[in-house]
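A closer look at the structure
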Protein chains: 2
Amino acid sequence: MQLEKYRIHSEMSRGLKKAELVFKNAHVFSAHTGEFIQGDVAVADGMVLGIGQYEGEQEINLKGKYLCPGLIDSHLHLESTLVTPGELIRQAAQCGTTTFIVDPHESANVSGTDGIDYILDQTEEVPANVFVMMPSCVPATHVDDNGCTLTAGKMKAYLDNPRILGLGEVMDAAAVINGNVSMHEKLNLFKNKIKDGHAPFLAPGELAAYAMAGISTDHECVDYEYAMAECRNGMQVLIREGSAARNLEAIVRGIVEHDGDTSGFCFCTDDKHIEEIRKDGHINYNVKKAVELGLPVEKALKMATIQAARCYGLKNLGAIAPGYQADFVVFDNLKELNVTEVYYKGTLIKRDEKVEIKPCAPYLKNTVHLLKFREDSLKLEARPGKAHVILMEEGQITTKAIHEEVPWIQAGSKRYFAPDGTYGKIAVIERHKYTGRTGAGIVKGFGLTGGAIASSVSHDSHNIIVVGDNDRDMVLAVRELIRTQGGYTLVENGSIYDTLPLPVMGLMSDAGYEEVNAKLARMIPKAYSMGIPEGFDPFITLSFMALPVIPEIRITPRGIYLVAEDRLLDNPFADIR
Amino acid sequence: MQLEKYRIHSEMSRGLKKAELVFKNAHVFSAHTGEFIQGDVAVADGMVLGIGQYEGEQEINLKGKYLCPGLIDSHLHLESTLVTPGELIRQAAQCGTTTFIVDPHESANVSGTDGIDYILDQTEEVPANVFVMMPSCVPATHVDDNGCTLTAGKMKAYLDNPRILGLGEVMDAAAVINGNVSMHEKLNLFKNKIKDGHAPFLAPGELAAYAMAGISTDHECVDYEYAMAECRNGMQVLIREGSAARNLEAIVRGIVEHDGDTSGFCFCTDDKHIEEIRKDGHINYNVKKAVELGLPVEKALKMATIQAARCYGLKNLGAIAPGYQADFVVFDNLKELNVTEVYYKGTLIKRDEKVEIKPCAPYLKNTVHLLKFREDSLKLEARPGKAHVILMEEGQITTKAIHEEVPWIQAGSKRYFAPDGTYGKIAVIERHKYTGRTGAGIVKGFGLTGGAIASSVSHDSHNIIVVGDNDRDMVLAVRELIRTQGGYTLVENGSIYDTLPLPVMGLMSDAGYEEVNAKLARMIPKAYSMGIPEGFDPFITLSFMALPVIPEIRITPRGIYLVAEDRLLDNPFADIR
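Examining the packing of helix H7 (residues 204-212) of chain A against helix H1 (residues 2-13) of chain B
- Packing of H7 of chain A against H1 of chain B leaves a shortest axis separation of 8 Å and a crossing angle of 150 degrees. It follows that H7 of chain A is roughly antiparallel to H1 of chain B by the angle criterion. Considering how the two elements wind past one another, H7 of chain A and H1 of chain B form a crossing that is right-handed. Every residue of H1 of chain B that contacts H7 of chain A at Gly-205, Ala-208, Ala-209, Tyr-210 and Met-212 of chain A is listed here: Tyr-6, His-9, Ser-10 and Ser-13 of chain B.
- Its residues assigned to classes, the contact of H7 of chain A with H1 of chain B comprises five nonpolar, four polar and no charged.

This is the structure in structure tokens:
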């Protein structure tokens, strides 16, 4: 059958037989040679047959527009956008991204391999090529209380899945460099596959040792000098331009100024929200921005196509040439790069077509395991003297660890921290394994007054995180998220202002992006009106306060965590040095 | 153990421990970024640990010289140089080529998988990385009488051998394009591996159909325009500069003139003789010549290193970066590019060190199977009128098919062709399967008088080919090659002038290249003195006269072969049209 197909395709390639479908009158981007060529592109069975002069059973006249290979997002997480994978992919595909290399790190932290299976299943039939990297750092650190530990043993079953390309971003650089056994078991398991990096700020020798372990990409790079250092170490730099982290300008400016070799670069979004994808675009936005910064469009397109395909060993993607999959994006011109059509396997992706949300297994919608949540677990016993305080840094997800005197009240023989407009209370409640383990701390600069804000999205373990200026509202917020089995909620003066349910692993809504956007449009301005500074996105900033890899001080279910010292304190008044 | 090693290497990478070996004060070529960087290169256990500032247990001061990754010959045949594989590799390695992608097509035509095993075995312990492509076209055509038919079934056993990278040059483009079953069985067997091409002069649609079958390289390309057409079809062009075929100037001139993208190019030699390697160099000669033609040295070096490594999926070769094999070539300057040292896995390759020739299995030295050779099989019965004559073209391996009246003698009731100084006799005697099948023809322009010249190297089937102006000397020549079990021989007036025995499959000498060169130095001038025009290499030209894929007329054990018409004639006087 396969050979019969080849014979028919061969006849079409040679013009002995009309091709199934021909794109006429295009400037065709040859990713292999980095040039635009004039010609028709013949297609059959979703595959390119040839570029030249062709006649087709069906012909599409592109009238001089620019036919390019579908773009590739070389690294992204689907979960952080709050919508189901299928919706995100569909929106991004409309912008010309037809291949996605996803790391289901969030799902895995909540539901382990079930979470990975969910991502694989939900992206099985989307109009795009979706490949998955096996999350390498679940849990992200030893102080995390997450839902699952993903060992090399558990990963083994995925090795032969052709959609699993390798090991996802290896965040624990220390474990790599120091030769940690379980980390190297994972590296070794994927020794013949791609291993994605996550390596900001490594010293030169450390970077060499990290690359030597076979890690061959990084998307955390924020400047040109470090990018070049990574390239020289044999790593491919995935230039990131997402919702929060925007590294494209710094790196591309450097490339343009130095007129450097661009073969070591690709593009990625890492985390980009659906409303921003709708507004600005997806990888096409990276390309456009790079071109605006002076990068020749041919080089930018190579980064967005063949270089990413080669980096991930995707042999028939990323170019328009015989035998390649017929994934195309059509631009009207090479300056504004407006996307006029997108084709996946030769079929037009219709714009804003209603996407049916694929249901998921019930147990993935029942992941907030918090039967025994006790109100008094939020109480924070105060001691005389100063306390460790988490100081927010406006516009950043980093924090400062400071020591200050904070307000307290006496209740019987004990003193308790009494939050106010300056010093808020922050808590994280373990929600995976019914332990109800709760760590509470003090936060300055979050600004919320007269209520509480809570989320079941809190990196990377996705426990319930809550900030408020009184225990009653904080408890209400937590109970609301138990009720909805995850979500974002905002409580004001004893009543729930609104809740966005995120029932899928406590990470995603399955109600459609329109509802997500409508809820956010209501809740976010309200959060600002309750005092959260404009420099923060209320829920996104909140979601990073529990991530124990970001300096200087965090909150975990086990208490305050001092990052640089790798030290946990069960009470913020403890052990002031 | 592996992890323990990593831990030690990691400490060395980070400078916490002295590296085993450090190359100091070098301009280090970063193949990943196409730039020279200042730094020391740390090495341990034959692997690069890092580039930067390092101290080593052993230090080599390169005093500002240029340290580059070992060069890669992306396509070559070892057999045609008449010496054993180990000798050729050693000579080429001294020129800086540390990786060889070889196609044992000649050995396979004589001895099938035993021939392939011979090449694998002989190159197992050389100071270089030798990878093997499975010969795809054995026999090369349906009119060949060779030693073995290499089917997909026989190839299967090699699929998991990590040194077998894929399918060797697919010469039979028609079989590919037309969907021939046995050809596609081979292509399918190697569907996840590299498939080398051999695709000169294909029409655009044919080239597309050929590339669509998954064939991804070509080394037969002779001009820039066709090279670019191949690149646009997704093929990598291996720019060839060998002993006979020299395509570098034409292609590189085009690249330089168009300032084109060079990512689609690599270098190869295809066939380059040991004496020329000694005189001019190997892949370093390709690099040097490209630079002389105006190609930036950085681009030429990328073609010779990382681009070839990537093309063949060789992950830790072709660059100097952490985790890469420590294969280096040192140049004294970037203009003359004189090679001063070569390192394989961090160890210096000593110049002109005596190479011990690895013995081979006895049956590989007994491949001239010609017990029943009969003298009268060379007789060529003449008929009235013109005959088909092979007209040599000076300086070419192509021939012209002409019709002429030729001399004859009467013997009893029969006439026989009578060779003279103008019209020689040419014959090919099957030597693999004891059939003694002999085809004889008439050749004009070969020029040999007063003797005969014979060879067991005759592409691609390597039967015994002989040219002479009298049967007695031709028979003597054939009998001599039966005696030596293959070789080159020259007969003059009834006695053997000299013979170079090539006992290994009738293709190679195991007596060392010095003896080969000494013999050739004696025999070749003698052949010229007997009338062979200076435009030919007597033995090499002879070796191509039986290759049924080169226009216009050839000689095979089954008779004269008219290439364009695909027509065999058992007698040159037959069927004049």
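From this point, the narrative continues.
Quick word on the sheet that holds strand E26 (residues 495-501) of chain B
Residues and elements named next belong to chain B.
- Across the sheet, which stays open at both edges, the eight strands sit in the order E18-E17-E22-E21-E24-E23-E25-E26 with mixed pairing between neighbours. Looking along the sheet, the strands with just one partner apiece sit at the ends: strand E18 (399-404) and E26. Within the sheet, the average angular offset between the axes of one strand and its neighbour, ignoring direction, is 25 degrees.
- With five bridges joining them, strand E23 (residues 451-455) and strand E25 (residues 487-492) adopt antiparallel strand pairing. Bridge assignment links Ser-455 to a residue of E25, and that residue is Tyr-488.
- Here helix H14 (residues 471-483) sits on the sheet and contacts strand E21 (423-429), E23, strand E24 (464-468), E25 and E26; the angle it forms with E25, its principal contact strand, is near 150 degrees.
- Against the sheet, helix H15 (residues 513-529) engages E23, E25 and E26, with an angle of about 145 degrees to E26.

As for the side chain of Ser-107 of chain B
Residues and elements named next belong to chain B.
- Among the secondary structure elements, Ser-107 is positioned in helix H3 (residues 105-122).
- For Ser-107, a relative accessible area of 0% gives the class buried.
- Ignoring sequence-local partners within four residues, the contact set of Ser-107 consists of Glu-79, Gly-112, Gly-115, Ile-119, Met-505, Leu-507 and Met-508.

Concerning the relation of the copies chain A and chain B
- The transform that puts chain A on chain B rotates by 180 degrees and translates by 0.1 Å along the axis, for an RMSD of 0.1 Å. Here the copies are linked by what is in effect a two-fold axis.
- A share of 100% of the interface residues of chain A reappears at the interface of chain B, consistent with the copies meeting face to face through the same patch.

A short note on the interface of chain A and chain B
- Taken together, the 50 residues of chain A in the interface contact 50 residues of chain B.
- Here chain A and chain B share an interface that buries about 3600 Å² over both sides, 55% of which is from carbon and sulfur atoms.
- Interface area lost by chain A to chain B is led by Tyr-6, Met-212 and Arg-232 of chain A, which between them contribute 21%.
- Of the charged contacts, one joins Lys-302 of chain A and Asp-261 of chain B as a salt bridge, the two residues approaching to 2.6 Å between their closest N and O atoms.
- Joining chain A to chain B, the criterion identifies 18 residue pairs in polar contact (both at pLDDT 80 or more).
- Contributions of two or more residues to the side of chain A that touches chain B are made by helix H1 (2-13), strand E2 (35-44), strand E3 (47-52), helix H5 (173-177), helix H6 (181-189), H7 and helix H8 (224-232) of chain A.

Brief notes about the nonpolar core
- Tyr-210, Ile-239, Phe-265 and Ile-453 of chain B are the most contacted members of the largest nonpolar core, which totals 143 residues.
- Looking at which element gives the most residues to this core, the answer is H15 of chain B, with seven residues.
- Ranked by size, the runner-up nonpolar core spans 142 residues in total, among them Ile-215 and Ala-527 of chain A together with Met-12 and Ala-42 of chain B.

Focus: H15 of chain B
Residues and elements named next belong to chain B.
- In this model, H15 (17 residues) spans 24 Å end to end at C-alpha, consistent with the 24 Å of a helix rising 1.5 Å per residue.
- Here H15 has its buried residues at Tyr-513, Val-516, Leu-520, Met-523, Ile-524, Lys-526, Ala-527 and Tyr-528.
- For H15, the elements touching its buried residues are helix H2 (85-94), helix H10 (274-280), E23, E25, E26 and helix H16 (538-544).
- Downstream of H15 by a residue or two, Gly-531 has a phi angle that is positive, lying close to 115 degrees.

What to know about helix H9 (residues 248-258) of chain A
All names here are of chain A.
- For H9, the complete set of buried residues consists of Leu-248, Ile-251, Val-252, Gly-254 and Ile-255. Buried residues along H9 cover an arc of 155 degrees about the axis, so they all sit on one side.
- Summarising the contacts, the buried residues of H9 are in contact with H8, strand E12 (236-240), strand E13 (265-268), helix H11 (283-292) and helix H12 (297-304).
- Within two residues after H9, Asp-259 carries a phi angle of roughly 45 degrees, on the positive side.

Notes on the sheet that holds strand E29 (residues 567-569) of chain B
All names here are of chain B.
- A sheet is described by the order of its strands in space; here three strands give the open sequence E27-E28-E29, paired in antiparallel fashion. In this open sheet, the two strands that pair with only one neighbour each are strand E27 (553-556) and E29. Averaged over all pairs of adjacent strands, the angle between strand axes in this sheet comes to 30 degrees, irrespective of strand direction.
- Note that E27 and strand E28 (residues 559-562) share four bridges and pair antiparallel. Looking at E28, one finds that Arg-554 is bridged to Tyr-561.

Comments concerning the pattern of salt bridges
- One pass over the full model with this rule turns up 64 salt bridges over all chains.
- Across the pair Arg-374 of chain B and Asp-376 of chain B runs a salt bridge, and its minimum N-O distance is 2.8 Å.
- Across the pair Lys-519 of chain B and Asp-498 of chain B runs a salt bridge, and its minimum N-O distance is 2.8 Å. Taken together, the residues Lys-519 of chain B in helix H15 and Asp-498 of chain B in strand E26 connect sequence positions 21 residues apart.
- Since its relative accessible area comes to 21%, Lys-519 of chain B is described here as partly exposed.
- Given the relative accessible area of 12%, Asp-498 of chain B is considered buried.
- The structure contains a network of salt bridges with shared partners spanning Glu-241, Arg-246, Glu-276 and Lys-289 of chain A.

Concerning the confidence of the model for chain A
- Here chain A averages 95 in pLDDT, while 100% of its residues score no lower than 70.
- Taken together, the chains of this predicted complex give a pTM of 0.95 and an interface ipTM of 0.94.

Quick look at the packing of H9 of chain A against H11 of chain A
All names here are of chain A.
- Between H9 and H11, the least distance of the axes is 10 Å, while the angle of their chain directions is 45 degrees. With respect to each other, H9 and H11 are oriented oblique. Crossing of H9 against H11: the hand is right-handed. Here Leu-248, Glu-249 and Val-252 of H9 lie close against H11, whose contacting residues are Asn-286, Lys-289 and Ala-290.
- When the residues that make up the contact of H9 with H11 are grouped by side-chain class, the tally is three nonpolar, one polar and two charged.

Some details on the environment of Val-22 of chain B
Residues and elements named next belong to chain B.
- The residue Val-22 is located in strand E1 (residues 19-30) in this model.
- What makes Val-22 buried here is its relative accessible area of 0%.
- Separated by 342 residues in the primary sequence, Val-22 and Leu-364 have C-alpha atoms spaced 44 Å apart.
- Beyond its immediate sequence surroundings of up to four residues, Val-22 is in contact with Asp-40, Val-41, Ala-42, Tyr-54, Glu-55, Gly-56, Gln-58, Glu-59 and Ile-60.

About the cut-offs
Residues numbered from 1 in each chain as written. Chains lettered and ligands numbered in written order. Predicted model: local features only at pLDDT ≥ 70, side-chain atom pairs only at ≥ 80, totals over all residues. Heavy atoms only, no water. Axes fitted to C-alpha atoms, helices over the stretch in contact; angles between N-to-C directions. Helix = DSSP H or I, 4+ residues; strand = E, 2+ residues; numbered from the N terminus. Parallel < 35°, antiparallel > 145°, perpendicular 65-115°, else oblique. Left-handed = near helix turned anticlockwise from the far one by under 90°. Contact = heavy atoms within 4.5 Å. Nonpolar A, V, L, I, M, F, W, Y, C, P; charged D, E, K, R; others polar. Pairing = 2+ DSSP bridges. Buried < 20%, exposed > 50% of the residue type's maximum accessible area, 1.4 Å probe, protein only. Least-squares fit on C-alpha atoms with pLDDT ≥ 70 in both. Buried area = accessible area lost by both parts, 1.4 Å probe. Salt bridge = Lys/Arg side-chain N within 4 Å of Asp/Glu carboxyl O. Polar contact = N/O pair within 3.5 Å; in protein donor to acceptor, adjacent residues only side chain to side chain. Core = buried A, V, L, I, M, F, W, Y, C linked by side-chain atoms within 4.5 Å. Expected span 1.5 Å × (residues − 1). Arc of directions from axis to C-beta. pLDDT = per-residue confidence, 0-100.

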